[in-house]
Amino acid sequence: MISVAEALERILSLVAVTEEETVPLRSASGRVLARPLAARRTQPPFAASAMDGYAVRAADAQPGVVLSVVGEAQAGGCHDGAVGPGEAVRIFTGAPVPEGADRVVIQEDVTRDGDRITIGDRLDEKTHIRPAGGDFHEGDEVPVQRITPALVSLLAAMNHAEVPVRRRPVVALIATGDELVVPGEIPGPNQIVSSNIYGVAALLEAQGGRARILPIARDTRESLEQSLALAEGADLVVTLGGASVGDHDLVAEVAGARGLALDFYKVRMRPGKPLMAGRLGDAAMVGLPGNPVSAFVCAHLFLRPAVDAALGLPAGPLPRRALPLAHDLAANGSREHYMRARLRGDGLVEVAGRQDSSLLTVLAGADVLAVRPPEDPPRKAGDLVDIVTL
């Protein structure tokens, strides 16, 4: 068996970065920039008023001074002339500051009578002018990153109507087993509803992939071969179940006959020991355990970073942080243990009392995994434990 860290490193080495494609800005949120993108303009392109008020010369901005209003500037327009001594231009937020003016007196600080204003005695010290390029300059670059809604606004301001992004990696998902039926069907007396594949698909799509749920592969070579054939063209092939050592666990055998170059089998972790990975043609292939919690934990630890790697993002172990335990814990065994837990409002980590890898109710109530190193000694309430956020 290999360690979790080594298993992740090997999986990431199997993943290829997807190619670049161009999408409309309106469809870019959540995608990943394929390359740095430079601003096509300066923002703001001119010195602009930050407030509604009057553009004046700074020397004239004194309490009690009376100025003549010689024009008006509003957003989308401008005052054509310059502001001279003793003059003011009515100006609105976002409008270009006219030549000669280097101060905006806000409208609350003046009294207007016809074409004259008198500056009041509560004048503040701010210029209320946004300098040209105060936000960004033409040529400034946005680095490769996941595109957030705020970044969409920035790219729009930089005058990009289309954005180069990485193609979403296609992940083919194959659940295996005669015991499975799809949700909505009526299970036979010895069957269960296939559940973990839907959670894994949701996780992959939240990470930026495109999940393709293929028909359930039955416990025959012919059925599994058909499912693997349907997975052709995917960037990543993920099987759920059938990767253990039972008589009906055929994934490695059938995939091997189709050319799978097996990289590793079994990881020193709990839950999730029967994890395999390799390369199948042009695709990376990962065989997840069949138990629902095992599959979901492994999907977090290995598939989330794999999708990041395919999107050209920095990929590695999920971030951890150390927080205090809410209660005592017994000593850990020989495998790294990822225990379902929740983070309480007081900042303490409460580990679930039941850790069986079939318990979806426990998984659904967890928001973190508490990570126990191999042979970790007993822990007391208040001791620090590493957590991974789900």
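Summary of the structure given here. (Residues numbered from 1 in each chain as written. Predicted model: local features only at pLDDT ≥ 70, side-chain atom pairs only at ≥ 80, totals over all residues. Heavy atoms only, no water.)

In this section: the side chain of glutamine 355. Note on placement: glutamine 355 falls in the loop between β24 (349-351) and α7 (360-364). In contact with glutamine 355, not counting residues within four places along its chain, are His337, Tyr338, Met339 and Arg340. (Helix = DSSP H or I, 4+ residues; strand = E, 2+ residues; numbered from the N terminus. Contact = heavy atoms within 4.5 Å.)

Another point: the sheet that holds strand β18 (residues 261-265). The 6 strands lie next to each other as β16-β13-β17-β21-β20-β18, forming an open sheet whose pairing is mixed. Either end of the sheet is taken by a strand with one partner, and the two such strands are β16 (210-213) and β18. Across the sheet, the mean angle from the axis of one strand to that of its neighbour is 20°, orientation sign disregarded. Sheet topology places strand β13 (residues 170-175) next to β16; 4 bridges connect them, and they run parallel. Bridge pairing in β16 places valine 170 opposite arginine 210. Each of β13, β16, β17 (236-240), β20 (276-280) and β21 (283-288) is contacted by helix α4 (residues 221-230), which is oriented at about 165° to β13, the strand it contacts most. (Pairing = 2+ DSSP bridges. Axes fitted to C-alpha atoms, helices over the stretch in contact; angles between N-to-C directions.)

What follows covers the side chain of histidine 300. Relative to the elements of secondary structure, histidine 300 occurs in helix α6 (residues 292-310). Apart from the residues within four sequence positions on either side, histidine 300 is in contact with Leu203, Pro305, Leu318 and Leu390.

Quick look at the sheet that holds strand β7 (residues 103-106) now. A sheet is described by the order of its strands in space; here 6 strands give the open sequence β7-β4-β6-β5-β9-β8, paired in mixed fashion. The two strands at the open ends of the sheet, each matched to only one other strand, are β7 and β8 (110-113). Averaged over all adjacent pairs, the angle separating strand axes in this sheet is 40°, with direction ignored. Of the pairings in the sheet, the one linking strand β5 (residues 66-73) to strand β9 (residues 116-119) comprises 3 bridges and is antiparallel in character. In the strand pairing of β9, serine 68 is matched with arginine 116.

Among all positions in helix α2 (residues 149-157), only Leu151, Val152 and Leu155 are buried. Each buried residue of α2 lies within a common arc of 110° when the element is viewed along its axis, so the set occupies one face. Facing away from the buried side of α2 by more than 90 degrees, the exposed set consists of Pro149 and Ala150. Of the surrounding secondary structure, the elements contacted by the buried residues of α2 are β2 (37-38), β11 (141-142) and β12 (162-166). Within two residues after α2, asparagine 159 carries a phi angle of roughly 75°, on the positive side. (Buried < 20%, exposed > 50% of the residue type's maximum accessible area, 1.4 Å probe, protein only. Arc of directions from axis to C-beta.)

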